[in-house]
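Observations on the model geometry
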Amino acid sequence: MPEAVLHVGSGKVRELYALDAERLLLVASDRISTFDVVLPTDIPDKGRVLTGLSAFWFARTGSVVPNHLLALRDDGRSTECKRLTMLPIECVVRGYLSGSAWKDYVTTGAVCGHRLPPNLVESERLAEPIFTPATKATAGHDENIDRAAAVELVGESRFDEVERVALELYELAAEHAQARGIILADTKLEFGVDGDGRLVLADEAFTPDSSRFWPAQDYEPGRPQPSFDKQYARDYCESIGWDKTPPGPELPEEIVAGTRARYVEAFERLTEIAFDDYLADPEVVLR
Ligand SMILES: Nc1ncnc2c1ncn2[C@@H]1O[C@H](COP(=O)(O)OP(=O)(O)O)[C@@H](O)[C@H]1O
Ligand SMILES: [Mg+2]
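Let me sum up the structure you'll find in this document. Quick caveat, the model's predicted, so the values are computed rather than measured.

Reading the values: the criteria
- Residues numbered from 1 in each chain as written.
- Chains lettered and ligands numbered in written order.
- Predicted model: local features only at pLDDT ≥ 70, side-chain atom pairs only at ≥ 80, totals over all residues.
- Heavy atoms only, no water.
- Helix = DSSP H or I, 4+ residues; strand = E, 2+ residues; numbered from the N terminus.
- Rg over C-alpha atoms; globule rule 2.2 N^0.38 Å.
- Buried < 20%, exposed > 50% of the residue type's maximum accessible area, 1.4 Å probe, protein only.
- Contact = heavy atoms within 4.5 Å.
- 1 Å grid on protein atoms, 1.4 Å probe; cavity = no way out; pocket = protein on both sides within 12 Å on 5 of 7 lines; lining within 4 Å.
- Points joined across faces, edges and corners; volume = space filled by probe spheres on them.
- Nonpolar A, V, L, I, M, F, W, Y, C, P; charged D, E, K, R; others polar.
- Near = heavy atom within 4 Å.
- Polar contact = N/O pair within 3.5 Å; in protein donor to acceptor, adjacent residues only side chain to side chain.
- Areas by Shrake-Rupley, 256 points an atom, 1.4 Å probe, with all protein chains shown as cover.
- Disulfide = S-S within 2.5 Å.
- Core = buried A, V, L, I, M, F, W, Y, C linked by side-chain atoms within 4.5 Å.
- Phe/Tyr/Trp six-rings, centres within 6.5 Å; stacked < 30°, edge-to-face > 60°.
- Lys NZ or Arg CZ within 6 Å of the ring centre and 35° of its normal.

1. Remarks on the overall build of the chain
Summing up its helical and strand segments, the chain has seven helices and 16 strands in all. For the chain, whose C-alpha radius of gyration is 18 Å, the value lies close to the compact-globule estimate of 19 Å for 287 residues. Here the chain holds 287 residues, and 52% of them are scored as buried. Of the contacts formed within the chain by residues at least 6 apart in sequence, a portion of 64% connects residues at least 24 apart.

The following block contains the structure:
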């Protein structure tokens with residue numbers, strides 16, 4: 001990196017640098033995590049897929065809510081963004097019953113306080129998308145929480161605002177994806193607050209890491225759905241009997257290649273931009 005920058009943190013996937021008091025540089029690595037454990041094997045270009053897709057969505061959702069994106073760098077994996085105070089909740093929207101929501105529904109008949117009709121099956125489409133916030137666990141798994149617990153963390157008016165905005169963003173992205181043969185089953189958004197107290201969409205948006213993308217043509221409620229991207233690496237990890245505690249297993253070459261191809265396919269289907277064109281000039285996703 002040419003300029004003097006201060007490393008301020010690393011997440012499971014991103015490295016964070018402070019450019020100055022107002023700006024961060026977010027660099028998406030090629031690390032992949034399954035079951036919240038970072039694996040020792042990288043997926044080449046995965047960070048570029050995440051960065052390009054997020055920028056694509058930021059460029060298309062500005063009318064719903066402002067976002068943190070300031071500039072996309074030539075390497076395709078670094079974004080300059082507004083430094084925000086992040087809200088302490090993960091803002092999850094679900095249009096389908098899957099993952100932890102399915103587990104919660106089976107045991108309690110409800111998800112994050114949303115009581116759902118009886119006899120729903122796994123992966124079933126919900127009558128209406130629901131906002132299902134979770135805590136941001138610093139270690140381990142995020143925990144689903146209900147409205148009261150989330151209000152405790154962010155306050156009532158902010159809660160109502162993020163719920164409304166997150167649902168609107170989900171509807172916009174789900175519609176876009178559906179028209180391209182992809183079901184956006186659920187997604188996790190992160191918001192921050194700027195110096196003027198304004199709500200700002202941050203982190204990544206509608207990427208394979210933060211969302212469940214299902215090929216629409218294979219959709220069949222009543223079972224787990226094959227997913228576009230991470231499922232492939234997840235299935236491999238489960239097939240070898242890994243107990244889902246660190247360290248994670250190395251991925252063999254064909255699983256790496258297959259996972260990379262799926263990330264790239266998700267990018268190309270959603271953006272209708274050739275991934276090679278993105279590599280040549282990342283700003284294509286902003287036009
Ligand atoms: N604009 C921003 N200002 C401050 N923090 C941010 C901003 N955008 C994202 N972050 C934070 O940067 C981190 C991104 O790194 P990531 O590898 O995705 O972390 P995680 O392991 O928590 O998913 C997250 O903690 C996220 O909340
Ligand atoms: Mg993250």
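2. A closer look at empty space enclosed by the protein
A complete count under the given rule lists one cavity of 30 Å³ or more for this structure. One number sums up the size of the largest cavity: a volume of about 80 Å³. Forming the walls of the largest cavity are 14 residues, and the residues nearest its centre are Arg14, Thr51, Ser54, Thr79 and Asp203. For the lining of the largest cavity, the secondary structure elements donating two or more residues are β3 (23-28) and α1 (46-60). Grouping the amino acids of the lining of the largest cavity by side-chain chemistry returns six nonpolar, four polar and four charged.

3. Considering the site of ligand 1
Around ligand 1, the surrounding shell holds 15 residues, and the nearest of these are Lys12, Val13, Arg14, Lys82 and Glu190. Between ligand 1 and arginine 14 there is a distance of 2.6 Å, counted from an oxygen atom to a backbone nitrogen or oxygen. One of the backbone N or O atoms of aspartate 203 is found 3.2 Å from a nitrogen atom in ligand 1. For ligand 1, the protein covers 81% of the area, taking 560 Å² as the surface of the free molecule.

4. Considerations on the layout of surface pockets
When its volume is computed, the second largest pocket comes out at roughly 220 Å³. Lining the second largest pocket are 13 residues, with Arg125, Tyr170, Glu171, Ala174 and Glu175 positioned closest to its centre. Taken together, the elements giving at least two residues each to the lining of the second largest pocket come down to β9 (89-96), β12 (125-131) and α4 (156-178).

5. A short note on the state of the cysteines
A complete count under the given rule lists zero disulfides for this structure. Looking at cysteine 112, it has no disulfide partner, and the nearest cysteine sulfur is the one in cysteine 91, 11 Å off.

6. Considering the nonpolar core
One finds Leu169, Phe191, Leu251 and Val285 to be the most contacted residues of the largest nonpolar core, which totals 65 residues. The dominant element in this core, judged by the number of residues it contributes, is α4, at nine residues. Look past the residues within four positions of leucine 169 in its chain and what remains in contact with it is Thr61, Val64, Val65, Leu189, Phe191, Leu201 and Phe206. Counting residues in hydrophobic clusters, the runner-up holds 10 residues, among them Trp102, Tyr105, Cys112 and Leu126.

7. Looking at the packing of aromatic side chains
Taken as a whole and assessed by the stated rule, the structure comprises 11 aromatic pairs. Taken together, a centroid distance of 5.5 Å and an interplanar angle of 65 degrees make the contact between phenylalanine 131 and phenylalanine 159 edge-to-face. Taken together, the residues phenylalanine 131 in strand β12 and phenylalanine 159 in helix α4 connect sequence positions 28 residues apart. Under the relative-accessibility criterion, phenylalanine 131 is labelled buried at 2%. For the ring pair phenylalanine 275 and tyrosine 278, a centre distance of 6.0 Å and an interplane angle of 25 degrees mean the geometry is stacked. Here the residue phenylalanine 275 and the residue tyrosine 278 both occupy positions in helix α7 (residues 275-280), the gap between them amounting to three residues, near one helical turn. Judged by relative accessible area, which is 2%, phenylalanine 275 ranks as buried. By way of ring pairs, the aromatic residues Phe56, Trp57 and Phe206 are connected into one cluster. Taking the ring centre of phenylalanine 35 as reference, the NZ or CZ of lysine 244 above it sits at 4.3 Å.

8. Observations concerning the environment of valine 8
Take valine 8: it is sitting in strand β1 (residues 6-10). As for valine 8 and leucine 25, which are separated by 17 residues in sequence, their C-alpha atoms are 9.7 Å apart. Not counting chain neighbours up to four residues away, the residues in contact with valine 8 comprise Leu16, Tyr17, Ala18, Leu24 and Arg83.

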